[in-house]
Amino acid sequence: MQHFKNESISKSKWEKFLQENEHASPFQSFSFYDLFNSVPGLSANVYAIENNNKIEALCVVTMQKEKGIKGYFSRRAIIYGGPLLSSDDKEVNAKLINEITNDLKSEVIYIETRNFSDYSFAKDDFVENGWKYESYLNFHLNCSSEEIVNSNLNSNRTRQIKKAFKSGVLLEEAKTPEEVEKYYSILKDLYSKKIKKPLLPFEFFKLFFEKEIGKILLVKIENKIIGGIVSPILKNNSIYEFYICGLDQEYKDFSPGVMATYAAIQYGFKNNLKKFDFMGAGKPNEDYGVRDFKAKFGGELKEHGRFIKINNQFLFSLGKFALSVIKRK
């Protein structure tokens, strides 16, 4: 059994393993790894375990931090979707988790997996390396056909979507960097005024568009962008809600937030994709308006949770406190 990191990993082996692994997501692809390392201020590592010249476990870990002096206090590692683990080899999984844990213990304040599938089989492997499990919800929606999508929609959602289309709303793919920039300005304003969480820089979205890792889908009325969604795509499989926004207050009659989500779902059933992944619906014991919003699309509620490894408890607690103060402003 051998472990490999970054450039020492065979791209062809990686892509083959991604296609075969049950935990596959676009966030664990070479394309996403390459994207993250192409954006100034962002970076990513990839770790792999091989047996008999074949990859048996792999994980892309993104490294993120804020600009300036805040960077030191916001160093974090996010594993979108969760690692690509073996379903039947505990030793391989434990070695991969151990490699990630040890390699990043002094680099970041915490490491977090944001799971999109069931990792209960590997829970002990994480816990034995000092990670803890946190309950976290998500919705998966069957988007394999328009009929299935429409049958699952809440009646209020059906009404909003029909009204928006009747009023002239168009759902289109972003065609130029300028359209991506207009979308980003709406998103940035939302994060600044309401969500109050760190947002990836514009360069990430521009390169996402140029590298065609997925689609940036826009909501338009009279050729004006009023919302949109960034949706990574796993070929022949699934589409994801990564970043979404809409000018809901300014254009209430057109339901831009609803239509942005529907744009990705529609893309799914028009392009033979099986699943739309909402990428999170909050903690089960906390009220969360976004979860209520997502539930009305009729997806299946899942609890795949998250694993978190805190490397510096003081800085982690300090960061959580600072974020809570920002949100109250």
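To start, this report covers the structure provided alongside it. (Residues numbered from 1 in each chain as written. Predicted model: local features only at pLDDT ≥ 70, side-chain atom pairs only at ≥ 80, totals over all residues. Heavy atoms only, no water.)

1. Let's talk about the pairing of strand β10 (residues 224-234)
Then step 1. Among the 11 residues of β10, 10 are classified as buried, and the element is accordingly described as predominantly covered.
Then step 2. Sheet topology note: the strand β9 (residues 214-221)/β10 ladder contains eight bridges and is antiparallel. Considered in β10, the bridge of Lys-215 is made with Ser-231.
Then step 3. Hairpin remark: β9 followed by β10, antiparallel, with two residues in the connecting loop; positive phi at Glu-222, about 50°.
Then step 4. Pairing analysis gives four bridges linking β10 to strand β12 (residues 243-246), with the strands arranged antiparallel. (Buried < 20%, exposed > 50% of the residue type's maximum accessible area, 1.4 Å probe, protein only. Helix = DSSP H or I, 4+ residues; strand = E, 2+ residues; numbered from the N terminus. Pairing = 2+ DSSP bridges.)

2. Notes on the pairing of strand β15 (residues 306-310)
Then step 1. Among the five residues in β15, five count as buried, and that is most of the element.
Then step 2. Here β15 shows two buried faces, one formed by Arg-306, Ile-308 and Ile-310 and the other by Phe-307 and Lys-309.
Then step 3. In this sheet, β15 lies alongside strand β5 (residues 110-115) in antiparallel orientation, the contact comprising five bridges. Looking at the pairing, Arg-114 lines up with Arg-306 of β15.
Then step 4. As paired elements, strand β6 (residues 132-134) and β15 share three bridges and run antiparallel to each other. Of the residues in β15, the one forming a bridge with Tyr-133 is Phe-307.

3. Describing the packing of aromatic side chains
Then step 1. Following the criterion strictly, the structure yields 36 aromatic pairs and no others.
Then step 2. Summarising the aromatic geometry, the rings of Tyr-183 and Phe-205 are spaced 6.5 Å apart at their centres and angled 55° between planes, so their arrangement reads as tilted. Highlighted residues: Tyr-183 in helix α8 (residues 177-195) and Phe-205 in helix α9 (residues 202-211), separated in sequence by 22 residues.
Then step 3. A centroid spacing of 5.2 Å and a plane angle of 65° characterise the contact between Phe-205 and Tyr-243, whose relative ring orientation is edge-to-face. On the criterion of sequence distance, the pair formed by Phe-205 in helix α9 and Tyr-243 in strand β12 is long-range, its members being 38 residues apart. (Phe/Tyr/Trp six-rings, centres within 6.5 Å; stacked < 30°, edge-to-face > 60°.)

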